[in-house]
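Residues per chain, in single letters:
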Amino acid sequence: MTSSPAELVARAREAGERAYAPYSKFRVGAAVLAADGRVFTGANVENSAYGSTLCAEAVAIGGAVAAGVTELDAVAAVCLDGHGCTPCGNCRQLMREFGVARVITEDQDGDVVVRGLEELLPDSFGPESLG
Ligand code: THU
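Below: a short report on this structure. Everything numeric here is computed off the predicted structure, so don't read it as measured data.

### Let's talk about helix α1 (residues 5-16)
For α1, spanning 12 residues, the distance from its first C-alpha to its last is 16 Å, which sits close to the expected 16 Å at 1.5 Å a residue. For α1, the full list of buried residues reads Leu8, Val9, Ala12, Ala15 and Gly16. Each buried residue of α1 lies within a common arc of 125° when the element is viewed along its axis, so the set occupies one face. On its buried side, α1 packs onto β1 (28-34), β2 (39-43), β3 (72-79), β4 (102-106) and β5 (112-116).

And the structure:
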């Protein structure tokens, strides 16, 4: 079973509806496509201690790992309250850990954009860097 980029964006948007973002009011949703075809979703979870906020991508990746799934193919991330956002640096690094190859976002017109993680996080540090 495969999920198209558009389907992953739809799943991410659905998850973003459940964001807990009372401080920024900036809702983000994410959908992770695992190598086995399963999809895990997440939304940002903010905190009154702002630094304790969890990004949508981190929640979705954490859900996959908590289910025992650590081989990930793609991550879709969408912002519900603005167009054209891309994953933050920390989330790019989280993707790197689990082999995410493709990152799916929407551009400012709401069109789906698929890029390689290598483009978003070049010359990166990963598990094999530890030797
Ligand atoms: N946020 C995400 O969920 N993912 C990102 O990649 C960037 C930012 C969230 C965190 C915070 O709740 C809100 O967006 C504003 O920064």
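### Considerations on the pattern of salt bridges
Across all of its chains, the model carries 6 salt bridges by this definition. Of the charged contacts, one joins Arg27 and Asp81 as a salt bridge, the two residues approaching to 2.8 Å between their closest N and O atoms. Pair noted here: Arg27 is in the loop between α1 and β1 and Asp81 is in the loop between β3 and α3 (89-97), with a separation of 54 residues, a long-range link. Look at Arg27 and you get partly exposed, because its relative accessible area is 26%. Residues Asp36 and Arg38 are paired through a salt bridge, measuring 3.2 Å at the closest nitrogen-oxygen approach.

Criteria and cut-off values
Residues numbered from 1 in each chain as written. Predicted model: local features only at pLDDT ≥ 70, side-chain atom pairs only at ≥ 80, totals over all residues. Heavy atoms only, no water. Helix = DSSP H or I, 4+ residues; strand = E, 2+ residues; numbered from the N terminus. Expected span 1.5 Å × (residues − 1). Buried < 20%, exposed > 50% of the residue type's maximum accessible area, 1.4 Å probe, protein only. Arc of directions from axis to C-beta. Contact = heavy atoms within 4.5 Å. Salt bridge = Lys/Arg side-chain N within 4 Å of Asp/Glu carboxyl O.

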